[in-house]
2 protein chains.
Amino acid sequence: MTKTNQLGTTNPIIQAPMAGGITTTELVTAVSNAGSLGMIGAGYMRAEDVKNQIKEVKKQSEAPFGVNFFVPQPFQTDEKAVKKMKKQLQPYYDKFQINSDEVAVPTAEAVYEKYEAQIEAAIQEKVAVCSFTFGVPEQSKVEDLQANGIITIGTATTLEEAKTIEARGMDAVVLQGSEAGGHRGSFIEAPSPSIGLMSLLTQTADAISIPVIASGGIMDQRGIEAVLALGASFVQLGTAFLLTEESGAHPLHKKKILETPGEYTVVTNVFSGKKARGIHNKFIDEMELADVSLPYPVLNSLTQPIRKEAKQVNDIEMMSLWAGQGTLLGKEQSAAAFIHQLISR
Amino acid sequence: MTKTNQLGTTNPIIQAPMAGGITTTELVTAVSNAGSLGMIGAGYMRAEDVKNQIKEVKKQSEAPFGVNFFVPQPFQTDEKAVKKMKKQLQPYYDKFQINSDEVAVPTAEAVYEKYEAQIEAAIQEKVAVCSFTFGVPEQSKVEDLQANGIITIGTATTLEEAKTIEARGMDAVVLQGSEAGGHRGSFIEAPSPSIGLMSLLTQTADAISIPVIASGGIMDQRGIEAVLALGASFVQLGTAFLLTEESGAHPLHKKKILETPGEYTVVTNVFSGKKARGIHNKFIDEMELADVSLPYPVLNSLTQPIRKEAKQVNDIEMMSLWAGQGTLLGKEQSAAAFIHQLISR
């Protein structure tokens, strides 16, 4: 029998929970069956879809896997601001024949209800791990999950956030270095919550006792060995798994990552209202000149149909091309082959 | 006899050339005598002062050391903009009883002449190493230095910059990660020339053949071992040496670094007109609301008297508190004790 670690897996690799259709059942299953931790990025999913995907993964794998949730933050929907933004987005709506009247914005209540239902699904299905981003779940939720034998993981971008997650009694913390692709998990204001992984990791590992999971720009065995030597217990790779054959990322998104140096990834809030790192394209360029002040998830809902249609017609200038700064270190291959390469000596 | 490396030193550590009075003769000497490479930050110095400091160091050490230069970039001095900025700075001038009429701005010609004279001093004194930041020296200068037996080192913040430095025939390149304190060495425009050291290092080491020197947030043995494993031949530490007893940094600057988490360091151009990382303070806060569009070194010359006077009266809210993101990993101690700790197993 192979020895397992605290997560119940046989190697220290976690596939980052990338929301928006990237973490297909095929990807999560392949990762978990290879001895790593597969993660479903549930953020944007309806609770019933989360439940269904969990069931699907279970059919194909007996290995542990996890689900990631977006912790809702209070937000206001300013109808006037929404109207103004829709007007700014009108050229894009026109381009893809989207009826702007049908583009809806959720209420804070609906977002919170969905979050609770998602967690309930994970508890009912007894997944091995629940991780959280954009905030810290309430104490009662952490305790509820743990009482059901579920390992809870928070996401921190600063030392203070990591300490907050430890104080909440969570079992481990993902440290998201500034190199990371996709959304920043920041939830406590700071002058610059964007810290290079090496600096964030070393200082945090010195200061907290729960296991730390390093993430941000890690793409290969060298990166894994470096962060384990610096005090990480586990590593979480996003962009590297986005590039695998099983991921649901658009083929042009994958192709673009492999040919783009890291300095062409930028942190922007124009897609969702929350900061995220992706490859610079025309949509970012044009929107950064506009006045984008709507919060997440309001802006996200307004731009979502544009990105969806852009994928349909292979228009990479209008997609969100999330990617970390390790772009050129990537390779398109199967998840199993990739993991095998990462753990072989 | 101890074995030496390509730089003629016995260990892979370089003390970053921090301009503005940090790299005292005592610091450079102590570092070089401990088997690392001491560096004089000549950027703001008059050529005759550079020459004198080189002579002073030579008196106290036979070990190799180096000098760093700021490669001048063309700039325009818009008299109207200078006048406007002086008006904005007037409250600060008043605070420290500075006569704004006496605050002078150099011409591009004067800056270039100084740069040439600085290099001439280094050649006459045959220092072991000349490093450059803010640009790549002309081919003829690189050749001239090399013909005099001087090792030439460039500074890059992106893969493209590193390739440019290699193509210019320079001997090695410092890779400045986004974690680094002080001025960004960037000289080629890119959407985001601010890359975490791990990502920058691995991708660049894969792509170029000259030795790479890792810098940015490295503060201790763990960091050094990590970057050497990732492909660096040498490491350059700035903030860590700024904290040593021999450095010329203001005592309150040192104290502040040791008590400030990395997320309180920000990248700002309000001090000099060029982006640099330092601890967030009142001057940054207030000036970022102002319209700061003057280029380096024009703005630098206008704020320099303020920072100088602030040091005199221990006003840390008006100093430039340069620091990398590894702040809390630092310790105030002698340079020799620090280096001993870094290289002992």
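The structure under discussion appears in the preceding block.
Residues numbered from 1 in each chain as written. Chains lettered and ligands numbered in written order. Predicted model: local features only at pLDDT ≥ 70, side-chain atom pairs only at ≥ 80, totals over all residues.

*Asks:* Tell me about the overall build of chain A, and name the residues and values.
*Replies:* When helices and strands are tallied, chain A shows 13 helices and 11 strands. Compactness check: chain A gives a C-alpha radius of gyration of 19 Å against a globular reference of 20 Å for 345 residues, within 12% of the reference. Overall, chain A is about 60 × 45 × 45 Å in size when its C-alpha atoms are taken along their principal axes. Buried residues in chain A amount to 53% of all 345 residues. Contacts spanning at least 24 positions in sequence make up 69% of the contacts within chain A whose residues lie at least 6 apart. (Helix = DSSP H or I, 4+ residues; strand = E, 2+ residues; numbered from the N terminus. Rg over C-alpha atoms; globule rule 2.2 N^0.38 Å. Buried ≥ 20, exposed ≤ 12 C-beta atoms within 10 Å, placed from the backbone. Contact = placed C-beta atoms within 7 Å.)

*Asks:* Account for the interface of chain B and chain A, naming residues and giving values.
*Replies:* The extent of an interface is frequently quoted as the accessible surface area lost upon association of the parts. Opposite the 37 residues of chain B that make contact, chain A presents 37 residues. Those elements giving two or more residues to the side of chain B that touches chain A turn out to be helix H6 (159–167), helix H7 (197–207), helix H8 (221–229) and strand S10 (265–268) of chain B. Looking at which element gives the most residues to the side of chain B that touches chain A, the answer is H7 of chain B, with six residues. Looking at the side of chain B that touches chain A, its residues break down into 16 nonpolar, 16 polar and five charged. (Nonpolar A, V, L, I, M, F, W, Y, C, P; charged D, E, K, R; others polar.)

*Asks:* Pulling in residues and values, what's your account of the sheet that holds strand S5 (residues 151–156) of chain A?
*Replies:* Residues and elements named next belong to chain A. The strand order across the open sheet formed by eight strands is S1-S9-S8-S6-S5-S4-S3-S2, and the pairing between neighbours is parallel. Each edge of the open sheet is held by one strand with a lone partner, namely strand S1 (13–15) and strand S2 (38–41). The sheet shows a mean angle of 25° between the axes of neighbouring strands, taken without regard to direction. Strand direction decides the pairing type here: strand S6 (residues 172–176) and strand S8 (residues 212–215), joined by four bridges, are parallel. In the sheet register, Val-173 faces S8, and the bridge partner there is Val-212. (Pairing = 2+ DSSP bridges. Axes fitted to C-alpha atoms, helices over the stretch in contact; angles between N-to-C directions.)

*Asks:* Give a description of the nonpolar core that names residues and reports values.
*Replies:* With 200 residues, the main nonpolar core has Ile-213 of chain A together with Ile-213 of chain B as its most contacted residues. Here Ile-213 of chain A is in contact with Ile-14, Ile-153, Ala-172, Val-173, Val-174, Leu-175, Ala-232, Ser-233, Phe-234, Val-235 and Gln-236 of chain A, once residues within four sequence places are set aside. (Core = buried A, V, L, I, M, F, W, Y, C linked by C-beta atoms within 7 Å.)

*Asks:* Can you explain the pairing of strand S3 (residues 65–70) of chain A? Please cite residues and give values.
*Replies:* Residue and element names in this part refer to chain A. Within S3, six of the six residues are buried, which leaves it mostly tucked inside the rest of the structure. Neither face of S3 is open: one carries Phe-65, Val-67 and Phe-69, the other Gly-66, Asn-68 and Phe-70, and all of them are buried. Sheet topology note: the S2/S3 ladder contains four bridges and is parallel. Residue pairing in the sheet places Met-39 in a bridge with Gly-66 of S3. Traced from S2 through helix H2 (residues 47–60) to S3, the parallel crossover comes out right-handed. (Right-handed = clockwise from strand over helix to strand, strands pointing away.)

*Asks:* Lay out the relation of the copies chain B and chain A in plain terms, naming residues and giving numbers.
*Replies:* The transform that puts chain B on chain A rotates by 180° and translates by 0.0 Å along the axis, for an RMSD of 0.0 Å. Put plainly, the chains are arranged around a two-fold axis. Most of the interface of chain B is mirrored in chain A: 100% of its interface residues are interface residues there too. (Least-squares fit on C-alpha atoms with pLDDT ≥ 70 in both.)

*Asks:* Before we move on, can you summarise the pairing of strand S9 (residues 234–237) of chain A with the specific residues and values?
*Replies:* Residues and elements named next belong to chain A. Residue alternation in S9 divides its side chains into two sets, Phe-234 and Gln-236 and Val-235 and Leu-237, and both sets are buried. Pairing between S1 and S9: three bridges, direction parallel. Pairing of Ile-14 across the sheet is with Gln-236, part of S9. The pairing of S8 with S9 spans three bridges and is parallel. Bridge pairing in S9 links Ile-213 to Phe-234. In this view, the connection linking S8 to its parallel neighbour S9 by way of helix H8 (residues 221–229) has right-handed handedness.

*Asks:* A description of the sheet that holds strand S6 (residues 172–176) of chain B should follow, citing residues and the corresponding values.
*Replies:* Residues and elements named next belong to chain B. Read from one edge of the open sheet, eight strands run S1-S9-S8-S6-S5-S4-S3-S2, paired in parallel fashion. Two strands close off the open sheet at either side, each with one partner strand: strand S1 (13–15) and strand S2 (38–41). Between one strand axis and the next, the sheet turns by 25° as a mean value, whatever way the strands run. H7 contacts S6 and strand S8 (212–215) of the sheet and is inclined by roughly 175° relative to S8.

Just distances and angles here, no functional claims.
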